[in-house]
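Next come the chains, spelled out residue by residue.
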Amino acid sequence: MRDEVDELLEAWARERDDLDLEPVAVFSRISRLARHLDLARREAFSAHGIESWEFDVLAALRRAGSPYELSPGRLLRETLVTSGTMTNRVDRLAGRGLVERSPDPGDRRGVIVRLTAEGKQAVDGAFEALLDAERALLADLPGRDRARLAVLLRTLLVPFAETQP
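Within an unreviewed UniProt entry, the label attached to the protein reads MarR family transcriptional regulator TamR, and the organism entered is Nocardioides marinquilinus.

## With respect to the overall build of the protein
Along the protein, the regular secondary structure elements total 7 helices and 3 strands. Counting helices and strands in the order they occur from the N terminus, the protein gives α-α-α-β-α-α-β-β-α-α. Against the compact-globule benchmark of 15 Å for 165 residues, the protein has a radius of gyration of 20 Å, which places it well outside the compact range. Taken along the three principal axes of its C-alpha coordinates, the protein extends 65 × 35 × 30 Å. Burial statistics for the protein: of 165 residues in total, 24% are counted as buried. In the protein, once contacts between residues fewer than 6 apart in sequence are set aside, the share between residues at least 24 apart is 46%.

## Focus on the packing of helix 2 (residues 22–46) against helix 3 (residues 52–63)
Interaxial distance between helix 2 and helix 3 falls to 9 Å at its minimum, and their mutual angle equals 75°. Viewed along their axes, helix 2 and helix 3 adopt a mutual orientation that is roughly perpendicular. Between helix 2 and helix 3, the contacting residues are Arg-41, Arg-42 and Phe-45 on the first element and Ser-52, Phe-55 and Asp-56 on the second. Considered class by class, the residues forming the contact of helix 2 with helix 3 number 2 nonpolar, 1 polar and 3 charged.

## A word on the pattern of salt bridges
This model, assessed by the stated rule, comprises 18 salt bridges. Here Asp-3 ties to Arg-29 by a salt bridge, and the two come within 2.8 Å at their closest N and O atoms. Highlighted residues: Asp-3 in the segment before helix 1 (4–15) and Arg-29 in helix 2, separated in sequence by 26 residues. On the basis of relative accessibility, which here comes to 30%, the residue Asp-3 falls in the partly exposed class. Note on Arg-29: relative accessible area 26%, which makes it partly exposed. As a salt-bridge pair, Arg-109 and Asp-107 come within 3.9 Å of each other at their nearest N and O atoms. Look at the salt bridges and you will find they share partners, linking Asp-3, Asp-6 and Arg-29 into a network.

## Side note on the UniProt feature "domain: HTH marR-type" (unreviewed entry) in the protein
Within the UniProt annotation, "domain: HTH marR-type" (unreviewed entry) is assigned to residues 23–158. The distance separating the terminal C-alpha atoms of residues 23–158 is 18 Å; by composition the span is 70% helix and 12% strand.

## Looking at the nonpolar core
Counting residues in each nonpolar core, the largest one holds 24 residues, and the members touching the most others are Ile-50, Leu-58, Leu-61 and Leu-75. For this core, the elements supplying multiple residues, two or more each, are helix 2, helix 3, helix 5 (83–95), strand 3 (107–115) and helix 6 (117–138). Here this core takes 7 residues from helix 3, the largest share from any one element.

Parameters and conventions
- Residues numbered from 1 in each chain as written.
- Predicted model: local features only at pLDDT ≥ 70, side-chain atom pairs only at ≥ 80, totals over all residues.
- Heavy atoms only, no water.
- Helix = DSSP H or I, 4+ residues; strand = E, 2+ residues; numbered from the N terminus.
- Rg over C-alpha atoms; globule rule 2.2 N^0.38 Å.
- Buried < 20%, exposed > 50% of the residue type's maximum accessible area, 1.4 Å probe, protein only.
- Contact = heavy atoms within 4.5 Å.
- Axes fitted to C-alpha atoms, helices over the stretch in contact; angles between N-to-C directions.
- Parallel < 35°, antiparallel > 145°, perpendicular 65-115°, else oblique.
- Nonpolar A, V, L, I, M, F, W, Y, C, P; charged D, E, K, R; others polar.
- Salt bridge = Lys/Arg side-chain N within 4 Å of Asp/Glu carboxyl O.
- UniProt positions renumbered as here; feature names shortened; annotations may be inferred.
- Core = buried A, V, L, I, M, F, W, Y, C linked by side-chain atoms within 4.5 Å.

What follows is the structure, encoded as structure tokens:
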């Protein structure tokens, strides 16, 4: 079985036989898969009336468990965006009725962001659609290989997680 990366590798090997192309074999495929995943995500989310950035915030709140609320600071850590970006995102989500703000009972100056019933419905539907799309992307890979791939990708990602603030 061949793919377009094999052709790319052959061309580079022909032109630069002095280089070790093993990283290209891995990361060019990851990059291409990321594009397919990004398209699948956008399609799954748009079918439920939300954008990718909205899903990120809504999903963080949903994963928090009932009552589906987090402080803005916790949302920052969950979504890895700046404070100004998060404020803008929460404003837009609140304007659409997907989240609501309430005073933080533990901090007079703080607020809590809570997922509304409409937001919960949107994120749940989008997540189910995403899982269907991701299952389709993995369909040709046997279960034991999926598990092994997950372990290998974790091995690549862990050093990056350790360097994040």
